[in-house]
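Residue-level listing of the chains:
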Amino acid sequence: MVAFSRGSADSFSELFSRYKQPMFGFFRRRLRDPAQAEELTQETFLAILRASSHYEPSATFRTYLYSIGFNILRAHRRKTAFRAMFHAAMFEGAGREDREPAVRNTMDTDMWLRDAVNRLERMDREILLLREFEQLSYAEIAELLGLPLNTVRSRLFRARTALRDLLVAPAPKPSSKDFTEYEERV
C-alpha cells in the first residue's frame, strides 16, 4: 500500500488480486445476496483508491482494509434499514379495507419517497439526506452547514418524524378537479 500511495499502479493490482477474494468472503458471510457482496467489495477497493494519497501505515494493510470494509458494511446496513423503515411505513395498514396500498411497484415507491422527502423543510431535508444517504456524521454535518451539533441532532429527529408521518398517511386520491388542473398545465 505504501508503494501504491507513492504512485505504483502495479502495487494496487497486487493488493487487489491478493485481497479481492478475502474481502468478498467477508461481505458474503454477512449478506444474503452475492451480487451485493461483490458490489461492496468493489466499493471497498474504490475507497482505497480514493484514500491512497492519505494513507498512513499506522497498522497493517489488512487491518486498514477490513476497517474500510466494515465501515462500508455498516453504511450499507444503515441504508438498508432506513429504506426498509420507509417501505414498512408505506404499507402499514395496507390490509385494512378502508385504505389501499398507496404504492404498487418500485418506481412508484421511489417517486413517492422522493416526493415525501421534497415536502420536508429545506434544512431538515438537507440534514436527513446528508446523514442517511451521504453517511456523514453529526459533527461533519454541523461543520458543513455551520450549525451547532445539537441543532443537527434535533433537526434530524424532526425530519425523520415528519417523513415517517408523511409516509404513513394514506395517499390522497386524485379528484377530477386535480386531473383538469393537470391537463391545463400540460
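Position numbers for residues start from 1 in each chain and track the written sequence from start to end. Only residues with pLDDT of at least 70 are given local features in this predicted model, and only at 80 or more are side-chain atom pairs given and counted; all residues enter the totals for whole chains, interfaces and linings. Think of the side-chain values as coming from all heavy atoms in the structure, minus any hydrogens and water.

### Observations concerning the overall build of the protein
Move 1: Regarding its fold elements, the protein presents nine helices and zero strands.
Move 2: Working definition: helices are DSSP H or I runs of at least four residues, strands are E runs of at least two. Numbering for both runs from the N terminus. Of the regular secondary structure in the protein, the N- to C-terminal order runs α-α-α-α-α-α-α-α-α.
Move 3: When each of the 186 residues of the protein is scored for burial, the buried share is 31%.
Move 4: Throughout, a contact is declared for two residues whenever any of their heavy atoms are within 4.5 Å. Here the contacts in the protein between residues at least 6 apart in sequence split such that 58% fall between residues at least 24 apart.
Move 5: Accessible surface, the protein: about 12,300 Å² in total, of which carbon and sulfur atoms supply 52%. Each residue is assigned to one of three classes by its accessible area relative to the maximum for its type, calculated with a 1.4 Å probe on protein chains only: buried under 20%, partly exposed between the two thresholds, exposed over 50%. The Shrake-Rupley method, run with a 1.4 Å probe, gives the accessible areas here. Residue values count only the displayed protein chains as cover.

### What about the pattern of salt bridges?
Move 1: Each salt bridge in this description consists of a side-chain nitrogen of Lys or Arg and a carboxyl oxygen of Asp or Glu lying within 4 Å of one another. Scanning all chains against the criterion turns up eight salt bridges.
Move 2: Where K20 meets E38, a salt bridge forms, and the shortest distance between an N and an O atom there is 3.5 Å. Taken together, the residues span a long stretch of sequence, with K20 in helix α2 (residues 9-28) and E38 in helix α3 (residues 34-51) at a distance of 18 residues.
Move 3: On the basis of relative accessibility, which here comes to 22%, the residue K20 falls in the partly exposed class.
Move 4: Take E38: its relative accessible area is 23%, and that puts it in the partly exposed class.
Move 5: With a shortest N-O distance of 3.1 Å, D124 and R158 are connected by a salt bridge. Remark: R158 occurs in helix α8 (residues 149-168) and D124 occurs in helix α6 (residues 122-132); sequence separation between them is 34 residues.
Move 6: Shared partners join several salt bridges into a network, and the residues in it are E121, D124, R155 and R158.

### A closer look at the environment of L130
Move 1: Among the structural elements, L130 can be located in helix α6.
Move 2: It is 6.9 Å that separates the C-alpha atoms of L130 and I141, two residues lying eleven residues apart in sequence.
Move 3: Setting aside chain neighbours within four positions, we find L130 in contact with Q135, L136, I141, L144 and L145.

### Describing the packing of aromatic side chains
Move 1: Classification of ring pairs rests on two measures: the distance between centres of Phe, Tyr or Trp rings, Trp counted by its six-membered ring, which must be within 6.5 Å, and the angle between planes, read as stacked under 30 degrees, edge-to-face over 60 and tilted in between. For the structure on display, the rule yields three aromatic pairs.
Move 2: Ring centres of F16 and F45 lie 4.9 Å apart, and the angle between their planes is 75°; this geometry places the pair in the edge-to-face category. Of this pair, F16 sits in helix α2 while F45 sits in helix α3, placing them 29 residues apart in sequence.
Move 3: Classification of F45 by relative accessible area gives buried; the value is 2%.
Move 4: When the centroid spacing of 5.4 Å and the interplanar angle of 80° are considered together, the rings of F26 and Y66 count as edge-to-face. On the criterion of sequence distance, the pair formed by F26 in helix α2 and Y66 in helix α4 (residues 61-91) is long-range, its members being 40 residues apart.
Move 5: Through a chain of ring-to-ring contacts, three or more aromatic side chains come together here, namely F26, F27 and Y66.
Move 6: Charge-over-ring placement is defined geometrically: NZ (Lys) or CZ (Arg) within 6 Å of the ring centre, and within 35 degrees of the ring normal. Above the ring of Y138, the side-chain terminus of R131 is found at 4.7 Å from the ring centroid.

### Digging into α2
Move 1: Under the convention used throughout, the expected extent of a helix is 1.5 Å for every residue step, that is, one less than its residue count. Here α2 contains 20 residues, and its C-alpha end-to-end distance of 27 Å stays within 8% of the 28 Å for a straight helix at 1.5 Å per residue.
Move 2: Think of it this way: the bend at a residue is just the angle between two axes, each fitted to seven residues, one set ending at that residue and the other starting at it. At Y19, α2 shows its largest bend, some 45°, and a proline, P22, comes one to four positions later.
Move 3: Among the residues making up α2, those that are buried are S11, F12, L15, Y19, M23, F24, G25, F26 and F27.

Just distances and angles here, no functional claims.
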